[in-house]
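Residue strings, one per chain:
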Amino acid sequence: MAKQNTQASYHAHIKRKKIIRYIVLIFLAILCIFPFYILIINSTHFTDKIAGGGMLVLPGGWFGKNFMNLLNDGTIPVFRGLLNSMLIAVGMAALTTYFSALTAYSVHAYDFPGRKAVQTFILAIMMIPSQVTALGFVDLMETFGLLNNYIPLIVPSIAAPVVYFFMLQYMQGALPLEIVEAARIDGSNEFRTFNTIVLPIMKPAMAVQAIFAFVTSWNNYFTPNLIISSQRTDLWTLPIVIATLRNANFLSFDLGKIYMAMFMAIIPVVIVYLILSRYIIQGVAVGSVKG
């Protein structure tokens, strides 16, 4: 009888812990989603209502009007900025994931002199903030005649130490070198081995890093603002467009239009996340554990 009571008390304790865990997770999920909810709600109200003070929690009827105001604003190229950001973000995500995986593969699959020094050097670069090198980077791009060009925003993403480190960790846990050796014995060259054998194994890790790289590029205001001049509105990215809307004078300041632009800015990120999200848990779980 006492043993049954002990077991019942133990199961009740486990159940209480599980309930508390779910409550905490639900609370954290609400905290994460709530700002997006307010953003969507504000995009459905006109500017006077938003500026009137207080938090709006119910949708209004100005969603279509705010969208049309944004669409008809000839001075702010919102949709061009959307396309520009999409081009840069997709290009950066593709180059970052592919070449970081290729670099990690070369370090993982080859035992060459100085390999440890190469790894240390790459990891040391992770410690340098991009803001520190920004001035020199802009001067270099000006020397090459690449200002007002998307090349400085896409091509340098080939060198991504953080993504390389994640890829290397994933390979050490998920890519046995015996597979590579077997491909070599069968006569496969290194690039064919990487593209046809290694990349399919790396798909979860690459999907995770593609999401992170896409979001990082999509939200990047600092570097595009340095590379693209204020006169080249046709080259503006979406963060620059939104910043321009926010910096408008009080006569043309429209909060409803700004919230509508921000709402449009999060849609591609959500779509990319939904497409690749099934790889996140798998990629992080395997990539964080060494084999």
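Residues numbered from 1 in each chain as written. Predicted model: local features only at pLDDT ≥ 70, side-chain atom pairs only at ≥ 80, totals over all residues. Heavy atoms only, no water.

Colleague: Could you give me a rundown of the pattern of salt bridges, with the residues and numbers involved?
Modeller: Counted according to the given criterion, the structure contains three salt bridges. A salt bridge links R184 to E181, with the shortest nitrogen-to-oxygen separation between them at 3.2 Å. One end of the pair is R184 and the other is E181, both in helix α9 (residues 177-185) and three residues apart, which spans about a single turn. Across the pair E190 and R184 runs a salt bridge whose closest N-O atoms are separated by 2.9 Å. The class of E190 is partly exposed, set by a relative accessible area of 26%. Overall, R184 belongs to the partly exposed group, its relative accessible area being 23%. Residues joined in a network through salt bridges with shared partners are E181, R184 and E190. (Salt bridge = Lys/Arg side-chain N within 4 Å of Asp/Glu carboxyl O. Helix = DSSP H or I, 4+ residues; strand = E, 2+ residues; numbered from the N terminus. Buried < 20%, exposed > 50% of the residue type's maximum accessible area, 1.4 Å probe, protein only.)

Colleague: Would you mind going over the nonpolar core in detail, with residue names and values included?
Modeller: Formed by 40 residues in total, the largest nonpolar core has its most connected members in L70, V78, Y150, F214, W218, I228 and L238. Breaking this core down by element, the ones donating at least two residues are α4 (78-109), α6 (134-143), α7 (151-154), α11 (203-218), α13 (238-246) and α14 (255-276). When residues in this core are grouped by element, the largest group, ten residues, is from α14. Each residue touching F214, except ones within four places of it in the same chain, is listed here: M86, A89, V90, A93, P268, V269 and V272. (Core = buried A, V, L, I, M, F, W, Y, C linked by side-chain atoms within 4.5 Å. Contact = heavy atoms within 4.5 Å.)

Colleague: Provide a residue-level description of the packing of aromatic side chains, including the pertinent values.
Modeller: Here the distance between the centres and the angle between the planes together describe a pair of aromatic rings. Considering all chains together, one arrives at eight aromatic pairs under this definition. Residues F63 and F263 carry aromatic rings whose centres are separated by 5.7 Å and whose planes lie at 80° to one another, so their mutual orientation is edge-to-face. Here F263 lies in helix α14 and F63 lies in helix α3 (residues 63-71), a separation of 200 residues in the sequence. Assessed through its relative accessible area of 34%, F63 is described here as partly exposed. Looking at F263, the relative accessible area reads 18%, which means it is buried. Geometrically, the ring pair formed by F214 and W218 is stacked, given 5.6 Å between the ring centres and 15° between the ring planes. Note that F214 and W218 are positioned in helix α11 at a spacing of four residues, about one turn of the helix. (Phe/Tyr/Trp six-rings, centres within 6.5 Å; stacked < 30°, edge-to-face > 60°.)

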